[in-house]
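Understanding the architecture of this molecule
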Amino acid sequence: MSAAEPGWLGQTAPPLRLEDTGGELRTLPAEPAEAAATVVVWTCNHCPYALAWHQRIVDAADDYAGRGVRFLAVNSNDALRYPADSPEAMRERVEREGWRFPYLWDADQEAARAWGARVTPHLFLLDAEHRLRYEGAPDADHQDPALGAEWLRAALDAILAGDDPPASTEPVGCSIKWKP
Amino acid sequence: MAEPAPLVELLWWRGCPSWERAGEIVREQMEHQGLGGDALSLREIRDDREAEAAGFPGSPTILVDGHDIQDPGEASGLTCRVYRLRDGRISALPDPADIADALAAASASSESRG
């Protein structure tokens with residue numbers, strides 16, 4: 001596991017106010033219910049890394065749903081140049097695949113800038129006080145489903161137990177597609 | 001006289017990190033077939049204009065004698081290319097077996113022409 005630059009590790013996450021594919025406003029901090037931990041994953045529809053890792057993240061979301069862990073996915077890509085990442089394409093994908101956590105549209109890319117999201121997928125794990133405790137990749141290899149997002153799970157286990165999570169890692173994936 | 005080796009070209013874009021590993025895989029496959037991995041030609045695609053001119057379907061793209069090792073589908077420009085491995089997994093890298101088959105087919109074609 002390669003250690004990443006610490007970024008804003010330990011600091012409180014910037015607030016999120018974004019609509020999901022159903023038009024519902026999702027916020028962080030959440031109102032009224034709070035989570036024991038929150039996973040925010042920058043992702044998209046067109047990137048092979050994001051696609052390859054997606055099911056592992058879905059499986060983790062399912063496995064941790066009963067432990068008070070909230071998952072949010074965010075897409076910030078320039079949909080004009082990458083129409084596969086448009087809000088319409090996001091909505092179609094959520095319906096087709098039956099997503100069980102919200103997929104948020106960062107139309108002006110401000111959330112990606114505020115959080116320092118660089119690639120898809122790029123994970124940010126927050127504790128109950130919304131402090132960033134882990135940032136990086138789900139596991140070591142997008143080509144190996146057997147790894148099962150083990151870095152994500154190890155970090156979540158630590159956060160839920162009140163322990164220090166493993167060191168953050170360098171996220172690997174497609175660059176965020178910034179608007180010109 | 002020896003038959004000419006196939007022209008193997010890797011088109012890459014710096015916004016996608018898989019091109020370096022793709023180059024290693026191509027070189028390994030070329031060496032397995034006695035073609036010499038040093039003959040791999042790298043070509044960076046730097047902007048939309050170059051992508052359009054090359055019909056670039058995403059990074060990395062591997063051409064053997066000008067033929068793509070997988071059906072590129074619709075050209076999609078400056079992006080990471082989505083590959084399907086032979087077991088169905090989605091990947092940012094091509095299946096080494098597809099590269100091997102493309103190299104073998106090009107070599108066979110060259111021999112038949114000779």
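What you are looking at is a predicted structure, and each value in this text was computed from that prediction instead of being measured. Along each chain, numbering runs from 1 in the same order as the chain's sequence is written. Just so you know, chain letters begin at A and ligand numbers begin at 1, following the order they were written in. Whole-chain, interface and lining totals are the exception, using all residues; otherwise, since this is a predicted model, local features are given only for residues with pLDDT of at least 70 and side-chain atom pairs are given and counted only at 80 or more.

Turning our attention to the environment of Gly37 of chain B. All names here are of chain B. Structurally, Gly37 can be placed in the loop between helix 1 (19–32) and strand 2 (41–44). Along the backbone, Gly37 and Ala102 are 65 residues apart, and their C-alpha atoms lie at a distance of 15 Å. For the purpose of contact definition, each residue receives a C-beta atom placed from its backbone, and two residues are in contact when these atoms lie within 7 Å. What Gly37 contacts, discounting residues up to four positions off in sequence, is Arg27, Met30 and Glu31. Secondary structure counts use DSSP, requiring at least four H or I residues in a row for a helix and at least two E residues in a row for a strand, with both numbered from the N terminus.

Here we come to unusual backbone geometry. A cis amide bond links Thr120 of chain A with the next residue in sequence, Pro121 of chain A, at an omega value of 0 degrees. Locating Pro121 of chain A in the fold gives a position in the loop between strand 6 (119–120) and strand 7 (122–127). The omega torsion across Ser59 of chain B and Pro60 of chain B is -5 degrees, close enough to zero to call that bond cis. On the secondary structure map, Pro60 of chain B appears in the loop between helix 2 (48–54) and strand 3 (61–64). Notably, His130 of chain A is not glycine yet its phi reads approximately 65 degrees, a positive angle. Phi at Ala149 of chain A is positive, roughly 55 degrees, even though this residue is not glycine. Positionally, Ala149 of chain A belongs in the loop between strand 8 (132–136) and helix 4 (150–161). A tally of 25 C-beta atoms within 10 Å means that Ala149 of chain A is categorised as buried. Three classes are used. A residue is buried when 20 or more other C-beta atoms lie within 10 Å of its own, exposed when 12 or fewer do, and partly exposed in between, with C-beta atoms placed from the backbone.

Expected helix span is given by 1.5 Å per residue-to-residue step, counting one fewer step than there are residues. For helix 4 of chain A, which comprises 12 residues, the first-to-last C-alpha distance of 16 Å matches the rise-based estimate of 16 Å (1.5 Å per residue) to within 8%. For helix 4 of chain A, the elements touching its buried residues are strand 3 (37–42), helix 1 (48–64), strand 4 (69–75), strand 7 and strand 8 of chain A.

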